[in-house]
Amino acid sequence: MTEKDERAYKMTASLREQDAARAYDVHVQSGVLESAGQLIAEIVPAKRYGIVTDTQVARLYAKRLLESFAAAGLSVSVHTFAAGEWNKSRESWGELTDEVLRVGFRGDAAIIALGGGVAADLGGFLAATLLPGAPLVLMPSTLLAMLECPLRGRAAIDTLVGRDRVGAVHSPRLVLIDPLLLKTLPEAHIVAGLAAAFRHAIVGDAEHFEWLAGKAAPVLARDPLTLGRLIARSLEIQTSLLGGSGAAESSDRGVLEFGDTVASALGMLSGYNWLHGERLAVGLALEAAIGELAGISRPGVAHRIRGVLEDNRLPTQLDEEIEPARFLEALAVETGALRGEVPFTLIEEIGSVAARPEGGWKHFVSQETVRAALFGEGSSGV
């Protein structure tokens, strides 16, 4: 990839929505925030635009985004919600819905989700539920959202029963990624976001994994060239693994779920006090260990993954106070595990996911093997 590619990168993604293909552009370009208004107007024309963002991101970037819309002569308004994962709720969605309807949003409006994953979900769900469905533009402001939201093709909100339990399939019309927005992101969130980049490399590109392993310093320095290449390659890997289709809600996405099973159970037990990327890093390390013990992953792969994650300041272990029985119970709840077997996406080696002989990506591993890999207890076996 050339330096020019790192400064400005464009790809076309396609997600299948209800059996109809929809393609959209993803732009990775430093400084694209300043020209966003004109670019959005050209690609996603609408009579008015609504920016959905949290209060913290609004203070940082809403004024500059508004100025880019004003320069293009466009009608735009800002609609905020309180920052925090716990505000990705039906209440927040309801308040945003009432607000945009009060100011006159109808079928000729578009929604711009500016912020992290919570903004992407709330903005996306708002766009999906405004009849007849409003065009959506994603402008992620965290590293994790830049890596994981563009090709997700769905939006979900949390309920009292669990996270992401209510949602809709709704792909964006345009994704604008400006690595310069990461200048204001706290360092802990930069580090946590790296977990997603490592996940994509682990499942799809061993060479990129080795490149990433030595890039902690420029990433933490928010070097736009390094970040541009990192983000663009992660999106390329995901598109390639999904066969260019990016199927929003299909078994194909299982190839990208390495690490998710352990991360979800950890989130349930920790009350989501860990950052998502931190939980994912633990999931990557421990599911590599499960794969080895189950005889699916190449010996030594777990040691290499754990070492690189730790070198990049990411956690790789469960909290000591977590009891094995409680963790296995959380795994069963999160996955609907049957007959004592837990489904995992596992890797053969770094850069390659292990497909099942009969098709699909989910390997069913006995609870005894999981317990042995995670806690050093019990026997092994798939």
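Residues numbered from 1 in each chain as written. Predicted model: local features only at pLDDT ≥ 70, side-chain atom pairs only at ≥ 80, totals over all residues. Heavy atoms only, no water.

Caption draft 1: Quick peek at empty space enclosed by the protein. With the rule as written, the count across this model stands at three cavities of 30 Å³ or more. Each pocket or cavity is described by its volume, and for the largest cavity that value is around 60 Å³. Lining of the largest cavity is provided by Ala-120, Gly-124, Leu-136, Leu-138, Cys-149, Arg-152, Gly-153, Arg-154, Ala-155, His-170 and Pro-172. The set of elements that each furnish at least two residues to the lining of the largest cavity consists of helix H5 (117-129), strand E6 (136-140) and strand E7 (154-157). Classifying every residue of the lining of the largest cavity by side-chain character gives six nonpolar, three polar and two charged. (1 Å grid on protein atoms, 1.4 Å probe; cavity = no way out; pocket = protein on both sides within 12 Å on 5 of 7 lines; lining within 4 Å. Points joined across faces, edges and corners; volume = space filled by probe spheres on them. Helix = DSSP H or I, 4+ residues; strand = E, 2+ residues; numbered from the N terminus. Nonpolar A, V, L, I, M, F, W, Y, C, P; charged D, E, K, R; others polar.)

Caption draft 2: Focus on the confidence of the model for the protein chain. For the protein chain, per-residue confidence averages 90 on the pLDDT scale, and 90% of positions sit at 70 or higher. In the model, residues 1-6 has pLDDT below 50 throughout and makes eight contacts with residues more than four positions away in sequence or in other chains. Every residue in residues 244-251 scores below 50 in pLDDT, and together they form 23 contacts with partners more than four places removed in sequence or on other chains. (pLDDT = per-residue confidence, 0-100. Contact = heavy atoms within 4.5 Å.)

Caption draft 3: Looking closely at the pattern of salt bridges. Applying the stated criterion across every chain yields a total of 16 salt bridges. Between Asp-205 and Arg-233 there is a salt bridge, with its nearest N and O atoms 2.8 Å apart. Of this pair, Asp-205 sits in the loop between helix H7 (187-204) and helix H8 (206-213) while Arg-233 sits in helix H10 (residues 224-241), and the two are 28 residues apart along the sequence. The class for Asp-205 is buried, based on a relative accessible area of 15%. Judged by relative accessible area, which is 24%, Arg-233 ranks as partly exposed. (Salt bridge = Lys/Arg side-chain N within 4 Å of Asp/Glu carboxyl O. Buried < 20%, exposed > 50% of the residue type's maximum accessible area, 1.4 Å probe, protein only.)

Caption draft 4: Fine view of H10. Taking 1.5 Å per residue as the helical rise, H10 with its 18 residues ought to reach 26 Å, and the 26 Å between its terminal C-alpha atoms agrees with that figure. Along H10, the residues classified as buried are Thr-226, Leu-227, Gly-228, Leu-230, Ile-231, Ala-232, Ser-234, Leu-235, Ile-237, Gln-238 and Thr-239. (Expected span 1.5 Å × (residues − 1).)

Caption draft 5: Main features of the nonpolar core. Counting residues in hydrophobic clusters, the biggest one holds 94 residues, and the most contacted among them are Ile-40, Met-139 and Leu-230. Residue contributions to this core peak at 10 residues, all from H7. Contact partners of Met-139, with chain neighbours within four places excluded, come to Leu-33, Ala-36, Ile-40, Leu-65, Ile-112, Ala-113, Leu-114, Gly-115 and Leu-176. If you look at the next biggest cluster of nonpolar residues, it comprises 21 residues, including Ala-294, Leu-331, Val-342 and Val-370. (Core = buried A, V, L, I, M, F, W, Y, C linked by side-chain atoms within 4.5 Å.)

Caption draft 6: View of H8. For H8, the full list of buried residues reads His-208, Phe-209, Trp-211 and Leu-212. Projection of H8 onto a plane perpendicular to its axis shows the buried side chains occupying an angular sector of 165°, all on one side. Taken together, the buried residues of H8 touch H7, helix H9 (216-220), H10 and helix H13 (301-311). If you check the start of H8, you find a side-chain oxygen 3.1 Å away from the backbone N of Glu-207, and it comes from Asp-205. (Arc of directions from axis to C-beta. Polar contact = N/O pair within 3.5 Å; in protein donor to acceptor, adjacent residues only side chain to side chain.)

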